[in-house]
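Structural overview for review
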Amino acid sequence: MTSTPPETTERPTRRRAPAGTTMLRLGLLALVVIGVLGAALELAFERHWQTPTQLIPWAALALLVVALILLAVRDSGSALTVARVLAAVVLVASAYGVFVHVSVNHGMGAVDAGWDTYSPLTQWWYALTKSVGAAPPLAPGMLAQSALLLLLASVTPKRRQNLT
């Protein structure tokens, strides 16, 4: 008669993630919520829905909300992967938004009489710093910040972990 080793008959004990990790995760998710609400309010105040391109940040916000819900409800397996992919898509949309805002500002430089006398580097610097044009280049950065916070929250475990 063979006996089964004790390690195969024992059930693994389950424990929650440490309290500090849980608080960190909740804090990161709360910052994502604040970022999403802030960006949505800013877009609404600016009436940022006039053209199809202006709808991109609204779609990005919707993706962030879906990813946030996925992480809050279930943070393992495919749900975690989907949330991370959605956050990555929002990062790309944010980079595109910065590019569009800087390009629009650069195009507005033609209104300035001395624009052609500036070096290309100076022109792009003025466009980036909103010295010319009205599009805020860093506003899309709110989306990137929220997406990065969501990615950080995705690496802090919520689920119970098996410990043997």
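Scroll up for the structure.
Report on the accompanying structure.

Thoughts on the packing of aromatic side chains
Considering all chains together, one arrives at 3 aromatic pairs under this definition. Consider the rings of Trp 49 and Trp 58, whose centres lie 6.4 Å apart with planes at 45 degrees: the pair is tilted. Overall, the relative accessible area of 27% leaves Trp 58 in the partly exposed class. Geometrically, the ring pair formed by Tyr 118 and Tyr 126 is edge-to-face, given 5.4 Å between the ring centres and 80 degrees between the ring planes. Take Tyr 118: its relative accessible area is 29%, and that puts it in the partly exposed class. An aromatic cluster is defined as three or more aromatic residues linked by ring pairs; in this entry it consists of Trp 115, Tyr 118 and Tyr 126.

What about the packing of helix H4 (residues 77-108) against helix H5 (residues 120-128)?
Where H4 contacts H5, the axes come no closer than 8 Å and their chain directions differ by 120 degrees. It follows from the interaxial angle that H4 and H5 lie oblique. Handedness of the H4/H5 crossing: right-handed. Note on element contacts: H5 touches H4 through Gln 123, Trp 124, Ala 127 and Leu 128, opposite Val 102, Ser 103, Asn 105 and His 106. Looking at side-chain class alone, the contact of H4 with H5 contains 4 nonpolar, 4 polar and no charged residues.

What counts and what doesn't
Residues numbered from 1 in each chain as written. Predicted model: local features only at pLDDT ≥ 70, side-chain atom pairs only at ≥ 80, totals over all residues. Heavy atoms only, no water. Phe/Tyr/Trp six-rings, centres within 6.5 Å; stacked < 30°, edge-to-face > 60°. Buried < 20%, exposed > 50% of the residue type's maximum accessible area, 1.4 Å probe, protein only. Axes fitted to C-alpha atoms, helices over the stretch in contact; angles between N-to-C directions. Helix = DSSP H or I, 4+ residues; strand = E, 2+ residues; numbered from the N terminus. Parallel < 35°, antiparallel > 145°, perpendicular 65-115°, else oblique. Left-handed = near helix turned anticlockwise from the far one by under 90°. Contact = heavy atoms within 4.5 Å. Nonpolar A, V, L, I, M, F, W, Y, C, P; charged D, E, K, R; others polar.

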